[in-house]
Amino acid sequence: MKHILLAVTGGIAAYKAIDLTSKLTQAGYEVRVMLTDHAQEFVTPLAFQAISRNAVYTSTFKEERPQEIQHVALGDWADAIIVAPATANIIAKLSHGLADDMVTSTLLATETPKFIAPAMNVHMYENKRTQHNMEVLKADGYHFIEPGDGFLACGYVAKGRMEEPFQILTIINHFFNKTQSLPQSTFSGKYALVTAGPTIEVIDPVRFVSNRSSGKMGFAIAQALRDRGAHVTLVTGPTQLEDIAGVEMVHIESAEEMFQAVTQRYEQQDIVVKAAAVSDYTPTDVLDHKMKKKDGDLVVNFKRTQDILKYLGEHKTHQYLVGFAAETQNIEKYAQDKLKRKNADVIISNNVGDQSIGFKSDDNELTMHFKTKEMINIKKGKKVQLAQQILDELETRWQ
């Protein structure tokens, strides 16, 4: 088990550090937390203690264990140290070698790999002095996790938001993969969007139309991409599966919600894998109240839903587009036709009529149909294993 020392400093983004502690813990890291005095104006030690199940450190002069020097021992214990959020003030202190509190004393007294996740007003971030201080730290071997663009506490919409916890987790996972000398992946650092599961189309407050998709294949692909260092977003319909640590989870219900979630994020993606079983039709009219039983048959009118894969194919610029074709007959013919009509780069087909590899099964058997006319057959196996085989085939082809 790897040890993570999380240093939280005094910015409004300190609330994200609670979520980061949770995600790191769920991912199997042992986490210990240090808080500066100013951080405690925003968050409490108890919150971190409850999540990490470890004592929280707040003062250089509060020595819990007489047999060790706390700020030295913590640095020796950690396999990596993350400063999140990192204010302009803490960056300035570290760049000048100051050691006037628990966080700066610990960082100065260790050679453990250090990650800095800045969070501040855009003008503070872009200030020449701050930029200079960051360059000094980079030259000293600090790893910087770039802040994102978005709404800031000061009211600006600009760069300065602390990177999201799931992305920080992905970076840490990738760092340890690299230090363990695992093969470098072409997906590392890239942005990947995966869809999974069914959609449900509401008829009334009680009834809906859906399909048998379990989401297992899409979830397996999202996790495999995460493990190869990609920044992964998983847009999923209702499933019985647990959220994946280190993956941005977007939960939707209807085909329209999935369309909106995917298209809003499409531009920044490098690769998109459409593994979801999206409803082709949705009721024309949705009733506000439960429909009562009546004598005779019932007719419900349906309209076509937005064809998400076709839309992505028509609007792709740089994205590599992977679709799925779940068929019960003429599988190769339909897959090849879909490849052309949807302007996809790959269509992955499978026979969902075979219950041993169908929607709810843990197993699958696939064929990859490439735009280059290649066909790769992937023999029956566990979906988590097939996800890795799919990425193995894509590793050198997708770019």
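Residues numbered from 1 in each chain as written. Predicted model: local features only at pLDDT ≥ 70, side-chain atom pairs only at ≥ 80, totals over all residues. Heavy atoms only, no water.

Some thoughts on the layout of surface pockets
Here is step 1 of the chain: As a volume, the largest pocket reaches approximately 820 Å³.
Here is step 2 of the chain: For the lining of the largest pocket, the elements supplying multiple residues, two or more each, are α9 (216-227), α11 (308-315), β17 (320-327) and α12 (331-341).
Here is step 3 of the chain: Here the second largest pocket defines a volume of roughly 350 Å³.
Here is step 4 of the chain: For the second largest pocket, the lining is made up of 14 residues, of which E163, E164, Q167, Y191 and Q268 are closest to its centre.
Here is step 5 of the chain: Looking at the lining of the second largest pocket, the elements with two or more residues in it are β7 (148-151) and α8 (165-179).
Here is step 6 of the chain: Counted by class, the lining of the second largest pocket contains three nonpolar, five polar and six charged residues.
Here is step 7 of the chain: Residues from two domains meet in the lining of the second largest pocket; each of domain 1 (3-179) and domain 2 (191-288 + 302-395) gives at least three. (1 Å grid on protein atoms, 1.4 Å probe; cavity = no way out; pocket = protein on both sides within 12 Å on 5 of 7 lines; lining within 4 Å. Points joined across faces, edges and corners; volume = space filled by probe spheres on them. Helix = DSSP H or I, 4+ residues; strand = E, 2+ residues; numbered from the N terminus. Nonpolar A, V, L, I, M, F, W, Y, C, P; charged D, E, K, R; others polar. Domains from an automatic or database assignment.)

Some details on the packing of aromatic side chains
Here is step 1 of the chain: All chains considered together, the criterion is met by five aromatic pairs.
Here is step 2 of the chain: Ring centres of Y29 and F176 lie 5.8 Å apart, and the angle between their planes is 35 degrees; on these two criteria the pair is classed as tilted. Of this pair, Y29 sits in the loop between α1 (14-26) and β2 (30-35) while F176 sits in helix α8; the two residues are 147 residues apart in sequence, bridging distant segments of the chain.
Here is step 3 of the chain: Classification of Y29 as buried rests on a relative accessible area of 10%.
Here is step 4 of the chain: On the basis of relative accessibility, which here comes to 4%, the residue F176 falls in the buried class.
Here is step 5 of the chain: Arranged with centres 5.1 Å apart and planes meeting at 10 degrees, the rings of F187 and W398 form a pair that is stacked. With F187 in the loop between α8 and β9 (191-196) and W398 in the segment after α13 (383-394), the pair connects residues that are 211 residues apart, well separated along the chain. The same class applies to F187 and to W398, which are both buried.
Here is step 6 of the chain: Cluster of aromatic residues (ring-pair linked, three or more members): Y29, F115, F175 and F176.
Here is step 7 of the chain: Here the basic side chain of K114 rests over the ring of Y142, its NZ or CZ set 5.3 Å away from the ring centre. (Phe/Tyr/Trp six-rings, centres within 6.5 Å; stacked < 30°, edge-to-face > 60°. Buried < 20%, exposed > 50% of the residue type's maximum accessible area, 1.4 Å probe, protein only. Lys NZ or Arg CZ within 6 Å of the ring centre and 35° of its normal.)

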